[in-house]
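# Descriptive analysis of the structure
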Amino acid sequence: MKNKDIIEKILLGFNDVFADVVNGAVFDGKEVVKSEELSDVSPVTQFKDDKSNHREQIRDVAKLWEKKGVIFSFIGIENQTNPDKDMILRVISYDGATYKSQIGNEHIYPVFTIVIYWGKSEWKVPTTLKDRLDCPDELLDIVSDHKFKLIDMVRLSDEDIEKYKGDFNLIAGIIGNPDSYEPENREIKHPEVVLDLLDAVIGDKRFGEIKDEIVNIKKEGRKVDMCEFLDKIENRGVEKGRLEGKIEGKLEGKLEGKLEGKLEGRNEGEELATLRIAKNFKDSKVDVEIIVKATGLTKEQIEAL
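Residues numbered from 1 in each chain as written. Predicted model: local features only at pLDDT ≥ 70, side-chain atom pairs only at ≥ 80, totals over all residues. Heavy atoms only, no water.

## Focus: empty space enclosed by the protein
Unfilled space is identified by rolling a water-sized probe across the atoms. Rules: As defined here, a cavity is a set of points on a 1 Å grid over the protein atoms alone where a 1.4 Å probe fits but cannot get out. A pocket is an open set with protein on both sides within 12 Å along at least five of seven lines, and residues line them when an atom is within 4 Å of a point. Grid points are joined across faces, edges and corners, and a volume is the space filled by probe spheres set on the points.
Following the criterion strictly, the structure yields three cavities of 30 Å³ or more and no others. The space that makes up the largest cavity amounts to roughly 150 Å³. Lining the largest cavity we find Lys9, Gly13, Asp40, Val41, Pro43, Asp60, Val61, Ala62, Lys63, Ile290, Lys293 and Ala294.

## Some details on the pattern of salt bridges
To be explicit about the condition: Any carboxyl oxygen of Asp or Glu within 4 Å of a side-chain nitrogen of Lys or Arg constitutes a salt bridge here. Here a helix means four or more residues in a row that DSSP labels H or I, a strand means two or more in a row labelled E, and each is numbered from the N terminus.
Scanning the model with the defined rule gives 16 salt bridges in all. A salt bridge links Arg90 to Asp84; the shortest N-O distance between them is 3.3 Å. For Asp86, the salt bridge is made with Arg132, and the minimal N-O distance between the two is 2.9 Å. Residue Asp86 is found in the loop between β5 (70–80) and α3 (87–100), and its partner Arg132 is found in helix α4 (residues 129–132); the two are separated by 46 residues along the sequence. Each member of the salt-bridge network shares a partner with another, and the members are Asp28, Asp160 and Lys163.

## A closer look at the nonpolar core
Applicable threshold: What is meant by a nonpolar core is a set of buried Ala, Val, Leu, Ile, Met, Phe, Trp, Tyr and Cys residues, joined one to another through side-chain atoms within 4.5 Å. The classification of residues rests on relative accessible area computed with a 1.4 Å probe and restricted to protein chains. Under 20% of the type maximum is buried, over 50% is exposed, and intermediate values are partly exposed.
Counting 61 residues, the largest nonpolar core has Ile10, Ile116, Ile151, Met153, Leu170, Ile171 and Phe229 as the members making the most contacts within it. Ranked by residues supplied to this core, first place goes to helix α7 (residues 191–202) with eight residues.

Pasting the structure below:
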């Protein structure tokens, strides 16, 4: 479970993937947010609980969106496996902590959160605060609302999938509509990470089997395009129309969404697995800072691998 979460965070840590998710989910596929306008920000915020104990809460991935030195927005992305009726309350907690950090600033920038839902069952729980409240009609007009944007991966339509233009288009197509998905001849920017994520989410070993071929293509200086990517999977004897049953049978329970704490206290098996993942991404030239944030390892530990 932790291995999948780490891979997922590494993929969303790439600015081009993050921007593609935001543009597809919020701006109908228009390139409003550009990758060069995004910068990493700590996903950790602190707060005091009811007993005045200091606590930490950790988002999956968070970035600042800036234009010409002006912060336009703070954007967070969360991942969820099961429908959670209190997800909106957790999002409010995350967003509220970021607003609180701006107290005293002359200019306050907006904060919003996207939730990527990977589960099999339909999401029928609230995405807004008012839908979660047992609020008398007399108070509805004076009670403030809050909401998050939901991406339901398994139930994406072809139109939804086409709103994503980069690596996330391939992931959305394979998971959301494997029977009819036909990608355009687009380059995959992070093929090794995409393969690792699909392998972890779907549990189909063929994604891992083509990894060496994909790495060799990159070593030759050639670009990896989506059509070639799917052809190689099909050459392993996979019919795209059969992927849907594989996906639905594997998705539920495989994604918990987020790391609810640090990697401290993990057992020996988890630690070894984390080190292996870190080494794989180091060998794939993933930026050390991204690996540090995703795994909790130090730069020294990663450089020693």
